[in-house]
Each structure stands twice: as C-alpha cells, then as structure tokens.
Amino acid sequence: MKKPISLVLMAVLCLLPSFVLAQKRSIGGVPQLQGPQNPRLAFVIHGGAGVIARGSLTPEKEKEIRTKLEEVVLAGYKALQAGKTSVDAVELAIRMMEDSPLFNAGRGAVFNHDGKNELDSSIMDGKTQAAGAVAGLHHVKNPITLARAVMERSPHVMMVGDGAEKFAKEQNVELVDEKYFFTQERWDELQKILKEEKTKLLDKKSGEALSPSSELPYNKFGTVGAVALDKDGNLAAGTSTGGMTNKKYGRVGDSPIIGAGTYANNNSCAVSGTGWGEFFIRLTVARDIASMMEYHALPVQQAADRVIKQKLQTAGGDGGVIALDKFGNIGISFNTEGMYRAYIDINGKPVVEIY
Ligand code: ASP
C-alpha cells in the first residue's frame, strides 16, 4: 500500500516545478519569460481590432474566423520551423489573410467613400531595418508581396497609386480586376454608413448640432498583420489593410507607415498595429513601443500596454497591436472590445483569441 502512495508523491514532486514554471511563463495566457538562454521561434498574427461585441458574430462566422486564424498561424510557424526567415513567414501569413474575404485586406477590403477599394501595406526586416510600403492600390491582389518587392527590389521605401502598380507589373506581382475585391458584406457596410451620413447632413440643415459620435469613423476594423522571430534571431513585421470604410478617396492610414502601423528592429521588437489609423500615425505607435523598450528597458507587454492603454486611450484613439521581442516574448494589447489574434504558445500549440 505504501509503495503506490510514495510513487504518486514522487511524481507530484517531480511535476511541480514544471507546473509552477508554466504558470510563471503565462501572464494573461501569453508566455513571458523567454530570455537570451532560451529564445524560441515565435509567431503572432492579428486580423483586426474593433467593436466585436460578444454575441455580435454568429457562431458559424466566429468558427470560420477562428479556423482561419489557426490555419494561418500554424502555416507561418511551420515556415519558421522549416528554416524560412521571419520576413518569409510574415509575407506568407499575410497573403493567406489577404486571400480570405473574412478580413479587411486584399480580397475582403472595405470600400472608400467613392465605392472603391484602396489597399495599403508594409513590411519591415528587423535585422537590416529595410522596409517596403505601398498605398492607394486598386489592382494588386497581395499588397504585402508588393511591399516586399519595394523593400527588396527597389531603392525606395514607399510607393503609391499608379506608380506602385506600374512597379507591380514590372516585378510580375499579380494584378487583378477591381471586381475581385467586391464583397457584398463590405458593400452593404458602406451603404449603411452613407445613409447615416445623409441623415446627419439633414440634421445639419435643420440647424441641429452633430453628435460627437457622428465624427467617428465606422468602428469595425479588420486589418491583418503578423510578427515573427526566426531561427537566426531576426524579427520581422508586416501589415495589410483596406483601410477604413467610407474613408475619403486617397486617404492613407497607418498600416503602410513605417513606425506607425508597422515596425521591426532586432534591438527592440517587431510590431503590427490595427485601429484608428490617424491616431496611430500621430502617436507613431509602433516605433513608440520599440522606444519604450529601447530607452526604458520595458518588457514588450508593458511597452505595448503603455502605448495602447495609456497614450492611445488618452488621445482618444482605439485599436491594438501584436508585438514580439528578440527572445520570442509576446506583447498583445488593445483598448477595443476585441481583436482577432493568434499565436504559438511555449508548447508550440496555436492559441486563437477574439475578446
Ligand atoms: N489601421 C487601419 C487604417 O487606419 C484600419 C484598421 O486597422 O482596421 O487604415
């Protein structure tokens, strides 16, 4: 009788330290304690932040989104395991989300005020600080691939509009008819907002003051992004978006602005943001998180929270970020109700979260 009890006791004692360690390594479900002795491959994606109230998604839609996020995060992680670079993994994952109508990027891009899709994207290599960005695209199937082409095959960082599309053609980056980006759901969203705008205009005519909320952009986002740490310890970040529904023709948000929506530097972190772009640009959100780490030695989660939950919040903006430091520690922060996101935990398992 004594033997089995002592065996159980021994097993418990042996397992206890790893249990405690696992607990310590998990803050809010996010692993935290990677250091120079135990860096790891790391991969995190987001599919946009915004008002995603519980229950506002049908169970089917939520399942579809979760399944896609898991598929994408696993694909990026497998690429890293196979020895691909962080830049490769970021491009691969973002292409997959651009090809899905579920997200506001590529295929599922939102419509601007004129009923057109105008796409923005950027990518940055944390090792070299090389960066590529594109904005105001109408025909590029995968803007992230064009951003990478600008980074690697041009002397520039940013190209926009017709010129960027001319460059896409020269570089054999796939172009599609504008119809490719049409989705009924996004079209209906625009029509709804245009109708609301008209009503507000009538209010104005009748002399009634506009409510402050009427100045807010439509509060549902869906931009995509990825951050990665590869086997050589190199970070990369990328972001792709259709922008914000009903944005003015020619408006460019933060997603293609290096230092605002995207940033990567092996000395600090890789960041991809999503949210109200005008605020992300003014606050240089991505670079600010990196600066917090560089100048104040803040851990990545704290740096992300400081910028999103304090600075962005105080300024009146909303959105979120995913971030990674050079050891594979993850920082995830948002001040919206939800943010579609997925990461690989310290056991190599995919974790998908919305709220
Ligand atoms: N940040 C994007 C923009 O302002 C929108 C988003 O993230 O949903 O263009």
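Numbering of residues starts from 1 in each chain and follows the order in which that chain's sequence is written. With the structure being a predicted model, the display of local features is reserved for residues of pLDDT at least 70 and the display and counting of side-chain atom pairs for 80 or more, all residues being used for whole-chain, interface and lining totals. Side-chain measures here rest on the full set of heavy atoms in the structure, leaving out hydrogens and waters.

Draft legend 1. Main features of the pattern of salt bridges. Just to be clear on terms, a salt bridge is a Lys or Arg side-chain nitrogen sitting within 4 Å of an Asp or Glu carboxyl oxygen. Under the criterion given, the structure shown has 17 salt bridges. Residue Asp 99 pairs with Lys 141 through a salt bridge whose shortest N-O separation is 3.6 Å. You can see Asp 99 sitting in the loop between helix 3 (86-98) and strand 4 (119-125) and its partner Lys 141 sitting in the loop between strand 5 (131-137) and helix 4 (143-153), a full 42 residues away along the chain. Relative accessibility thresholds used throughout: buried, under 20% of the residue-type maximum; exposed, over 50%; partly exposed, between the two (1.4 Å probe, protein chains only). What makes Asp 99 partly exposed here is its relative accessible area of 33%. Under the relative-accessibility criterion, Lys 141 is labelled buried at 15%. With its nearest N and O atoms 3.9 Å apart, the salt bridge here joins Lys 192 to Glu 196. Linking Lys 192 with Glu 196, this pair stays in helix 6 (residues 184-205), spanning 4 residues, or about one helical turn. Per the convention used, a helix needs a DSSP run of H or I reaching at least four residues, while a strand needs a run of E reaching at least two, with both numbered from the N terminus.

Draft legend 2. Seen up close, the sheet that holds strand 7 (residues 224-229). For two strands to count as paired, DSSP must find a minimum of two bridges between them. The strand order across the open sheet formed by 8 strands is 6-5-4-8-7-3-13-14, and the pairing between neighbours is mixed. Both edges of this open sheet fall to strand 6 (158-160) and strand 14 (350-353), since each of them pairs with a single strand only. Sheet twist, expressed as the mean angle between neighbouring strand axes with direction ignored, is 5°. In this sheet, strand 8 (residues 235-241) lies alongside strand 7 in antiparallel orientation, the contact comprising 6 bridges. Within strand 8, the residue paired with Gly 225 across the bridge is Thr 239. Contact between two residues is taken to exist if any of their heavy atoms lie within 4.5 Å; hydrogens are not considered. For helices, the fitted line uses only the C-alpha atoms of the stretch in contact; every axis is such a line through C-alpha atoms, and the angle between N-to-C directions lies from 0 to 180 degrees. Where helix 3 meets the sheet, it contacts strand 3 (42-50), strand 4, strand 7 and strand 8, and its direction lies at approximately 160° from that of strand 7.

Draft legend 3. Looking closely at the nonpolar core. We define a nonpolar core as any set of buried Ala, Val, Leu, Ile, Met, Phe, Trp, Tyr and Cys residues linked to one another through side-chain atoms lying within 4.5 Å. Counting 48 residues, the largest nonpolar core has Phe 43, Ile 45, Leu 69 and Leu 146 as the members making the most contacts within it. Ala 131, Phe 280, Met 292 and Ala 323 belong to the second largest nonpolar core, which has 41 residues in total.

Draft legend 4. How the structure looks around the pairing of strand 14. The pairing of strand 13 (residues 338-344) with strand 14 spans 4 bridges and is antiparallel. The residue bridging Tyr 343 from the neighbouring strand is Val 351, located in strand 14. Taking the residues that link successive antiparallel strands as the turn, the strand 13-strand 14 hairpin has 5 residues, and the phi of Gly 348 there is positive, at about 80°.

Draft legend 5. Molecular detail of the pairing of strand 8. Taking burial as the measure, the 7 residues of strand 8 include 7 buried ones, the bulk of the element. A two-sided burial pattern is seen for strand 8, the buried positions comprising Leu 235, Ala 237, Thr 239 and Thr 241 on one face and Ala 236, Gly 238 and Ser 240 on the other. Two elements, strand 4 and strand 8, share 6 bridges in a ladder whose sense is antiparallel. By the bridge assignment for strand 8, Asp 120 is matched with Thr 241. Linking strand 7 back to strand 8 in an antiparallel pair, the connection comprises 5 residues, with Gly 233 at a positive phi of about 80°.

Draft legend 6. Quick look at the side chain of Asn 335. In this structure, Asn 335 sits in the loop between strand 12 (330-334) and strand 13. Here Gln 313 takes part through its side chain, which lies 2.8 Å from a polar atom of the side chain of Asn 335. At 3.1 Å, the side chain of Asn 335 and the backbone oxygen of Gly 317 are in polar contact. Apart from the residues within four sequence positions on either side, Asn 335 is in contact with Ile 308, Leu 312, Gln 313, Gly 317, Asp 318 and Gly 319. Residues adjacent in sequence count toward polar contacts only when both atoms are side-chain atoms; beyond that, a polar contact is any pair of N or O atoms within 3.5 Å, and within protein one must be able to donate a hydrogen and the other to accept it.

Shape is all these values report; function is a separate question.
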